[in-house]
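# Inside the fold
Below, each chain spelled out in residue letters.
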Amino acid sequence: MEQRIRALGHEHVSAEHTSTFELTSDDWLTPAGDCILGIGADTTPVAFDDAFVAACRSHEAAITATLCAGEFEQTIEGHGHPDLRFGNDRSMVVRTSEYVDDRTVMVGADTAAAEIDRDLVTELEAGAELECVLRVDVE
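Being a predicted model, the structure only gives us computed values, none of them experimental.

Further remarks concern the nonpolar core. Within the largest apolar cluster, 42 residues are counted, with the highest numbers of intra-cluster contacts made by Leu37, Phe48, Leu67, Met92 and Leu134. Top contributing element to this core by residue count: strand 4 (residues 61-69), with five residues. The residues touching phenylalanine 48, leaving out its near neighbours within four places in the chain, are Gln3, Ile5, Thr43, Val53, Phe86, Met92, Val105 and Leu134.

Listed below in structure tokens is the structure:
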């Protein structure tokens, strides 16, 4: 099962946060948003497919996020959690920790914003289109 999110890069994308990355539906970004990779996201967690959400609500759910911008692509691996709510209507956050709030779509991620490929980040700083494909597999 998968969920696709499209967003845009922005000149203030710095990708320096060490424990998360985020996509937001907001159409602006300040330099303080060091975890945000894309703005103007066309989908937020509250609108995700019910079957996708249900599949993510398990510690056994393997979740991947594949980020594509320009010719660059990176896949981040993590897992689900029974407490995932998918209730936010503005942004989605991938976390390296096990912390869960209404923005969280993956926990235990093996990559945070600071570890995103710098070529991909450069594309996003230039305003490139970003596609994030979230996939969930439950064993």
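Position of glycine 78 relative to the elements: it lies in strand 5 (residues 72-79). Owing to a relative accessible area of 16%, glycine 78 belongs among the buried residues under this scheme. Along the primary structure glycine 78 and methionine 92 are separated by 14 residues, whereas in three dimensions their C-alpha atoms are 14 Å apart. Those residues in contact with glycine 78 that sit more than four places away from it in its chain are Ala61, Ala62, Ile63, Met106, Val107, Gly108 and Ala109.

What follows deals with helix 2 (residues 118-125). Every buried residue of helix 2 is listed here: Leu120, Val121 and Leu124. End-on, the buried residues of helix 2 take up no more than an arc of 100°, which puts them together on one face. Contact partners of the buried residues in helix 2: strand 3 (36-38), strand 4, strand 5 and strand 8 (129-138). One or two residues past the end of helix 2 sits glycine 127, with phi positive at roughly 90°.

Under the counting rule described, the total for this entry stands at eight salt bridges. The salt bridge involving glutamate 2 is made with arginine 4; its shortest N-O contact spans 3.1 Å. Bridged by salt links that share partners, the residues Glu2, Arg4, Arg6, Glu131 and Arg135 form one connected network.

Definitions and limits used
Residues numbered from 1 in each chain as written. Predicted model: local features only at pLDDT ≥ 70, side-chain atom pairs only at ≥ 80, totals over all residues. Heavy atoms only, no water. Core = buried A, V, L, I, M, F, W, Y, C linked by side-chain atoms within 4.5 Å. Buried < 20%, exposed > 50% of the residue type's maximum accessible area, 1.4 Å probe, protein only. Helix = DSSP H or I, 4+ residues; strand = E, 2+ residues; numbered from the N terminus. Contact = heavy atoms within 4.5 Å. Arc of directions from axis to C-beta. Salt bridge = Lys/Arg side-chain N within 4 Å of Asp/Glu carboxyl O.

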